[in-house]
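Structural characterization, general
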Amino acid sequence: MKQYLKKRRWKFFLILGAVVISIFSLLYTSRLSKELSSEVHKRMKIWSLAYNKLANDQYTSDDFELILEIITTNTNIPVILTDIEGNVVEHRNIDVPADKQEKHLQKVLSKMKKEREPVIISLGDDDKQYLYYSESLLISKLQWFPVVQLFIVFVFMIIAYTAFSTARRWEQDHVWVGMARETAHQLGTPTSSLLGWMDILELKQCDTKYINEMRFDIKRLLTITARFSKIGSKPELENEKIIEVVEQMIEYLRNRSSKLVTFSIKNDIQNDFEIKMCRPLFEWVIENICKNAIDAMEGEGAIDVHIFEQKEKLIIDISDTGKGIARNLQKSVFKPGYSTKPKGWGLGLTLAKRIVEQYHNGKLFIPSSTTKKGTTFRILIPLVGNE
């Protein structure tokens, strides 16, 4: 559980960092845009004064070059100059299509009128012109900068998160595979020795009841060893009677669980119904789900298994009467490291999901769970192509 919370904390800080960067960028760009917009307004005031002097011949020969430079150096602020009746007299820095010039200018002019009041240029004798303008092309581009930056940050987050998750998953898989195979190797030697000791006990004519129970447990150890040895490699699938597999697994768990835990199986398919599976691994899935259910019920309750066929899919529902799983955690229980037990590794359901989905092309999920009432795990195996 702690490891899972650390992962969630890491994701939270990553998202928080992106949000902080984006907010800072938006605020800084907004402030910069306002400053530039103020500069544009000042330039338009100067431009209107220069144009007014030029129109009214209010300049000396020394001023002429300066006035001309002020008027002609505006290369990035879109402006439209109209007469008192609203007719366009002049325009600058506006891309106008040749076939729709008048219509396009009127559209731009209408937009400029909504943005701000015009600068009035007096020409004398009550004759006036109106200077309309919008933000410079630089400001327009700058206003899109936070959006572009946010998109880049978002893409970078996705790439970084995907790369980190992939690398972490590969590392975890590598560690689990190595650990599983090493465990299988370590179990092999003492298990073989135990079989030898069992033969000696038989020769000494010990009580067969105990010998049979010990043989059963040794066989169980061999099954566990086989499970671990298959992790990391694609197992061979063979036709198995699903009812037989489930019943034997449930019987094994019943004999080794508290008497306060009851097991029941409801079978809605034929007893000789077969599907392709790796039996040791599939039994492991049933065992993992049931053991988690027993833990959730704290050793007292009922586990009901329902096997049925629906839309060319074999479905095995395993329901318990435990404390249930909150909706926001129902997907998390299958993630590596998630465990409600203090010393739990959080690998059981992760491996179960991998066995069902990667090796048997099925699905393992929680179709329903109610707090303080219980949870249902569903194993879904497609029957098409499973003959």
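Residues numbered from 1 in each chain as written. Predicted model: local features only at pLDDT ≥ 70, side-chain atom pairs only at ≥ 80, totals over all residues. Heavy atoms only, no water.

1. Here's the deal with the overall build of the chain
Note the cut-off: In this description a helix means any DSSP run of H or I spanning at least four residues, a strand means any run of E spanning at least two, and both kinds are numbered starting from the N terminus. Values of accessible area rely on a 1.4 Å probe in the Shrake-Rupley scheme; residue burial ignores everything except the protein chains shown.
Broken down by element type, the chain carries 8 helices and 11 strands. Working note: accessible area of the chain is about 24300 Å², and carbon and sulfur atoms make up 57% of it.

2. Observations regarding the nonpolar core
Most often, soluble globular proteins have nonpolar side chains that are buried together. Just so we agree on the cut-off: Throughout, nonpolar core names a set of buried Ala, Val, Leu, Ile, Met, Phe, Trp, Tyr and Cys residues whose side chains join them through atoms within 4.5 Å. Throughout, exposure labels follow a simple rule: accessible area from a 1.4 Å probe, protein chains only, divided by the maximum for the residue type, with under 20% read as buried, over 50% as exposed, and the rest as partly exposed. Contacts are assigned to residue pairs with any non-hydrogen atoms lying within 4.5 Å of each other.
Membership of the largest hydrophobic core comes to 48 residues, with the highest contact counts inside it found for Ile242, Phe282, Ile303, Leu314, Ile316, Ile318 and Ile379. Beyond its immediate sequence surroundings of up to four residues, Ile318 is in contact with Ile286, Ile289, Cys290, Ile303, Asp304, Val305, Thr375, Thr376, Phe377 and Ile379. Counting residues in hydrophobic clusters, the runner-up holds 8 residues, among them Met44, Val79, Val119 and Leu131.

3. A few points about a positive patch on the surface
Stated precisely, the cut-off is as follows: Patch membership requires over 30% relative accessible area and the absence of a salt bridge. Like charges are linked within 9 Å, and nonpolar side chains (Val, Leu, Ile, Met, Phe, Trp, Tyr) within 5 Å. Salt bridges, as used here, are contacts in which a Lys or Arg side-chain nitrogen is within 4 Å of a carboxyl oxygen on Asp or Glu. We score Asp and Glu as negative and Lys and Arg as positive, and we do not count His or the chain ends. Taken as the charge centre is NZ of Lys, CZ of Arg, CG of Asp or CD of Glu, depending on the residue.
A surface patch of like charges, here positive, comprises Lys100, Lys103, Lys107 and Lys111. One can find Lys111 in helix 3 (residues 101–115).

4. Topic: the sheet that holds strand 6 (residues 261–267)
Formally: Strands pair, by our definition, only if DSSP identifies at least two bridges between them. Interaxial angles span 0 to 180 degrees and are taken between N-to-C directions of axes, which are lines fitted to C-alpha atoms, for helices over the stretch in contact.
Within the open sheet, the 5 strands sit side by side as 6-8-9-11-10. Their pairing is mixed. Of all the strands in the sheet, the pair left with one neighbour each is strand 6 and strand 10 (363–370). On average, each strand axis in the sheet is tilted by 15° relative to the strand beside it, whichever way the strands run. Running at roughly 170° to strand 6, helix 6 (residues 242–255) makes contact with strand 6, strand 8 (301–309) and strand 9 (313–320) of the sheet. Here helix 7 (residues 279–296) sits on the sheet and contacts strand 6, strand 8, strand 9, strand 10 and strand 11 (374–382); the angle it forms with strand 11, its principal contact strand, is near 170°.

5. As for the sheet that holds strand 1 (residues 79–83)
As summarised here, the arrangement of the 4 strands in space is 2-1-4-3, forming an open sheet in which the pairing is antiparallel. Looking at the sheet topology across the chains shown, the edges are occupied by strand 2 (88–92) and strand 3 (119–124). The mean inter-strand angle of the sheet, taken between neighbouring strand axes irrespective of direction, is 20°. Note: strand 3 against strand 4 (residues 127–133), 5 bridges, orientation antiparallel. When the bridges of strand 4 are listed, Val119 appears paired with Leu131. Relative to the sheet, helix 3 contacts strand 1, strand 2 and strand 4, its axis offset from that of strand 1 by approximately 95°.

6. Regarding the environment of Pro118
Within the secondary structure, Pro118 is located in the loop between helix 3 and strand 3. Placed 36 residues apart in sequence, Pro118 and Thr82 show a C-alpha to C-alpha distance of 9.9 Å. Those residues within four positions of Pro118 in sequence are excluded, and the remaining contacts are Tyr130, Leu131 and Tyr132.

7. Considerations on the packing of helix 7 against helix 8 (residues 348–359)
Quick note on the threshold: Crossings are classed by handedness, with left-handed meaning an anticlockwise turn of the near helix from the far one by less than a right angle and right-handed meaning a clockwise turn. Gly falls in the polar group here, along with every residue not listed as nonpolar (Ala, Val, Leu, Ile, Met, Phe, Trp, Tyr, Cys, Pro) or charged (Asp, Glu, Lys, Arg).
Running from N to C, helix 7 and helix 8 point in directions that differ by 145°, and their axes come no closer than 9 Å. Between helix 7 and helix 8 the crossing geometry is left-handed. Listed contacts from helix 8 to Leu281, Phe282, Trp284, Val285, Asn288, Ile289 and Asn292 of helix 7 are Gly348, Leu349, Leu351, Ala352, Ile355, Val356 and Tyr359. Looking at side-chain class alone, the contact of helix 7 with helix 8 contains 11 nonpolar, 3 polar and no charged residues.

8. Details of a nonpolar patch on the surface
Taken together, the side chains of Trp144, Val147, Val148, Phe151, Ile152, Phe154, Val155, Ile158 and Ile159 make up a nonpolar region of the molecular surface, amounting to roughly 910 Å² of accessible area. Considering the arrangement of structural elements, one finds Ile159 in helix 4 (residues 137–203). When its relative accessible area of 54% is taken as the criterion, Ile159 is described as exposed.

9. Focus on the packing of aromatic side chains
The criterion, for reference: Under the pairing criterion, centres of Phe, Tyr and Trp rings, with the six-membered ring standing for Trp, must be within 6.5 Å; the plane angle then separates stacked pairs below 30 degrees from edge-to-face pairs above 60, leaving the rest tilted.
One pass over the structure, following the stated rule, counts 1 aromatic pair. Consider the rings of Phe334 and Phe377, whose centres lie 6.1 Å apart with planes at 85°: the pair is edge-to-face. With Phe334 in the loop between strand 9 and helix 8 and Phe377 in strand 11, this pair connects stretches of sequence that are 43 residues apart. Phe377 shares its class with Phe334; the two are buried.

10. Topic: the side chain of Asp320
Along the polypeptide, Asp320 turns up in strand 9. What Asp320 contacts, discounting residues up to four positions off in sequence, is Ala293, Met297, Ala302, Ile303, Lys373, Gly374 and Thr375.

11. Some points on the pairing of strand 9
Residues in a regular strand project their side chains so that they alternate between the two faces of the sheet. With 7 of 8 residues buried, strand 9 lies mostly within the body of the structure. In the sheet, strand 8 pairs with strand 9 via 7 bridges, with the strands oriented antiparallel. Following the sheet pairing, Asp304 is matched in strand 9 by Ser319. The turn joining strand 8 and strand 9, which pair antiparallel and follow one another in sequence, is formed by 3 residues; a positive phi near 50° is taken by Lys311. As defined by bridge partners, strand 9 adjoins strand 11 across 7 bridges and the pair is classed as antiparallel.

12. A look at unusual backbone geometry
The phi torsion of most residues other than glycine is negative, and most of the peptide bonds are trans. Residue Glu312 is not a glycine yet carries a positive backbone phi of 60°. With respect to the helices and strands, the residue Glu312 is situated in the loop between strand 8 and strand 9. Backbone geometry at Lys372 places phi at a positive 70°, although glycine is not the residue there. Mapped onto the elements of the fold, Lys372 is located in the loop between strand 10 and strand 11. Under the relative-accessibility criterion, Lys372 is labelled exposed at 74%.

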